[in-house]
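# Commentary on secondary and tertiary structure
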Amino acid sequence: MSYQNKLRSSYKIMNPKYEEIWENRYNLIPNTKNWKPFSGWKNDEDKKHLVLIVLIKDPEVTKKFEDVQNELCKHKSYIRFPKENYHITLKPIGYLNEVKSNQDDYSEIELNEIITELTNIFSNQEKIEVKLNSLNLFKDVVFIQVDDNDIFSKINKKILNIPKIIPLKRDYPNFLPHISMGTFKSDSISNLIKSTERYRNYYFGKIVVDEIQLAIAHWYKTKYLKFEVIKKFKLE
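On to the nonpolar core, then. Grouped together as the largest cluster of nonpolar side chains are 53 residues, with contacts concentrated most on Phe65, Leu132 and Phe152. Of the residues forming this core, the biggest block, six residues, is contributed by helix H4 (residues 108-122). Excluding residues that lie within four positions of it along the chain, Phe65 makes contacts with Ile56, Tyr86, Leu132, Ile144, Ile179, Met181 and Phe204. Counting residues in hydrophobic clusters, the runner-up holds eight residues, among them Val51, Ile53, Leu55 and Ala217.

Here it is in structure tokens:
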């Protein structure tokens, strides 16, 4: 068995949910009507969206991302994300907002309490080796699957135990770490899906995560999401 096949075989065992999504790809209905990523968060000018992420900056890995992006961009139904956007989301935290109008609004004091809890979670966390292989599709995005031996899912679960943190639909036990590559411009994506099939078993490379970032996600009147890192958690 080749290295790629061995990698693929072990991956299926560890991440059966990914395979379920992939097998359903031709039944996918792209969310192009309700989710408009490039209109920005028009009503959130004063809100600061807090998110816990791993930024992907490895030049060898991102070069492979860009090579695949160039192929996918041949389809008019596809919109690529810029390389500055490549990241793994560990947990959307909520909003930094001194006026608490929603359950997931946090004051500076509450944010500092959350940062203390996160520091405790990451204090004994070793560096995480991550393999990046296989394209897949959610209804919102084309993405790269993340093979991390289920560590990020366990971290997500721990974060949910922090007081005041709100669980979301995509959190544990439904959490699937991924790197979004781009989104859909139209509902006609059958040819795009065929192109992703060429990269279903593609190995993008390996990274070692030695830092996790707490960032403010800016998307007000911007075409692409921008991250402002406000806290870094170093892994030993």
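Following the structure, the description resumes.
On to the packing of aromatic side chains, then. Describing an aromatic ring pair means giving the distance of the ring centres and the angle of the ring planes. Summed over all chains, the structure comprises seven aromatic pairs. Seen from their ring centres, Phe65 and Phe204 are 5.5 Å apart, and the 70° between their planes marks the pair as edge-to-face. Residue Phe65 is found in helix H3 (residues 59-72), and its partner Phe204 is found in strand E8 (residues 203-209); the two are separated by 139 residues along the sequence. Both residues of the pair, Phe65 and Phe204, count as buried. Ring centres of Tyr202 and Phe204 lie 4.8 Å apart, and the angle between their planes is 80°; on these two criteria the pair is classed as edge-to-face. Owing to a relative accessible area of 1%, Phe204 belongs among the buried residues under this scheme. Grouped by ring-pair contacts, the aromatic residues Phe65, Tyr86, Tyr199, Tyr202 and Phe204 constitute a single cluster. The ring of Tyr106 is capped by Lys100, whose NZ or CZ atom sits 5.3 Å from the centre of that ring.

Throughout the structure, instances matching the rule amount to eleven salt bridges. Lys91 is the salt-bridge partner of Asp171, the closest N and O atoms lying 3.0 Å from each other. Taken together, the residues span a long stretch of sequence, with Asp171 in the loop between helix H5 (151-159) and strand E7 (178-184) and Lys91 in strand E3 (residues 87-96) at a distance of 80 residues. The exposure class of Asp171 is buried, given its relative accessible area of 2%. For the salt bridge of Glu211 with Lys234, the shortest nitrogen-to-oxygen distance reads 2.5 Å.

What follows covers helix H2 (residues 16-23). Quick reminder: α-helices carry 3.6 residues per turn. Residues three or four places apart thus point the same way. Taken together, the buried positions of H2 are Tyr18, Glu19 and Trp22. Take H2 and look down its axis: the buried residues cluster within an arc of 100°, on one side only.

All right, on to unusual backbone geometry then. It is generally the case that most residues other than glycine have a negative phi and that most peptide bonds are trans. For the bond running from Tyr172 to Pro173, omega is 10°, close enough to zero to count as cis. Position of Pro173 relative to the elements: it lies in the loop between H5 and E7. You will see that Asn149, though not glycine, has its phi angle at about 60°, which is positive. With respect to the helices and strands, the residue Asn149 is situated in the loop between strand E6 (141-147) and H5. With phi around 70°, Asp150 is a residue other than glycine that occupies positive phi space. Along the chain, Asp150 turns up in the loop between E6 and H5.

With that settled, consider the side chain of Arg25. Examined against the element boundaries, Arg25 turns out to sit in the loop between H2 and strand E1 (48-55). Since its relative accessible area comes to 16%, Arg25 is described here as buried. A polar atom in the side chain of Arg25 sits 2.9 Å from the backbone oxygen of Trp22. Within the structure, the side chain of Arg25 is placed 3.0 Å from the side chain of Glu197, a separation counted as a polar contact. Those residues within four positions of Arg25 in sequence are excluded, and the remaining contacts are Leu137, Ile193 and Glu197.

Here the focus is the layout of surface pockets. Here the second largest pocket defines a volume of roughly 250 Å³. What lines the second largest pocket is a set of 13 residues, among which Leu55, Ile56, Lys57, Asp210 and Gln213 lie closest to the centre. Elements that contribute at least two residues to the lining of the second largest pocket include exactly E1, E8, strand E9 (211-218) and strand E10 (226-234). A total of three residues in the lining of the second largest pocket trace back to one element, the largest contributor, which is E8. Class assignment for the residues of the lining of the second largest pocket results in seven nonpolar, one polar and five charged.

What counts as what
- Residues numbered from 1 in each chain as written.
- Predicted model: local features only at pLDDT ≥ 70, side-chain atom pairs only at ≥ 80, totals over all residues.
- Heavy atoms only, no water.
- Core = buried A, V, L, I, M, F, W, Y, C linked by side-chain atoms within 4.5 Å.
- Buried < 20%, exposed > 50% of the residue type's maximum accessible area, 1.4 Å probe, protein only.
- Helix = DSSP H or I, 4+ residues; strand = E, 2+ residues; numbered from the N terminus.
- Contact = heavy atoms within 4.5 Å.
- Phe/Tyr/Trp six-rings, centres within 6.5 Å; stacked < 30°, edge-to-face > 60°.
- Lys NZ or Arg CZ within 6 Å of the ring centre and 35° of its normal.
- Salt bridge = Lys/Arg side-chain N within 4 Å of Asp/Glu carboxyl O.
- Arc of directions from axis to C-beta.
- Polar contact = N/O pair within 3.5 Å; in protein donor to acceptor, adjacent residues only side chain to side chain.
- 1 Å grid on protein atoms, 1.4 Å probe; cavity = no way out; pocket = protein on both sides within 12 Å on 5 of 7 lines; lining within 4 Å.
- Points joined across faces, edges and corners; volume = space filled by probe spheres on them.
- Nonpolar A, V, L, I, M, F, W, Y, C, P; charged D, E, K, R; others polar.

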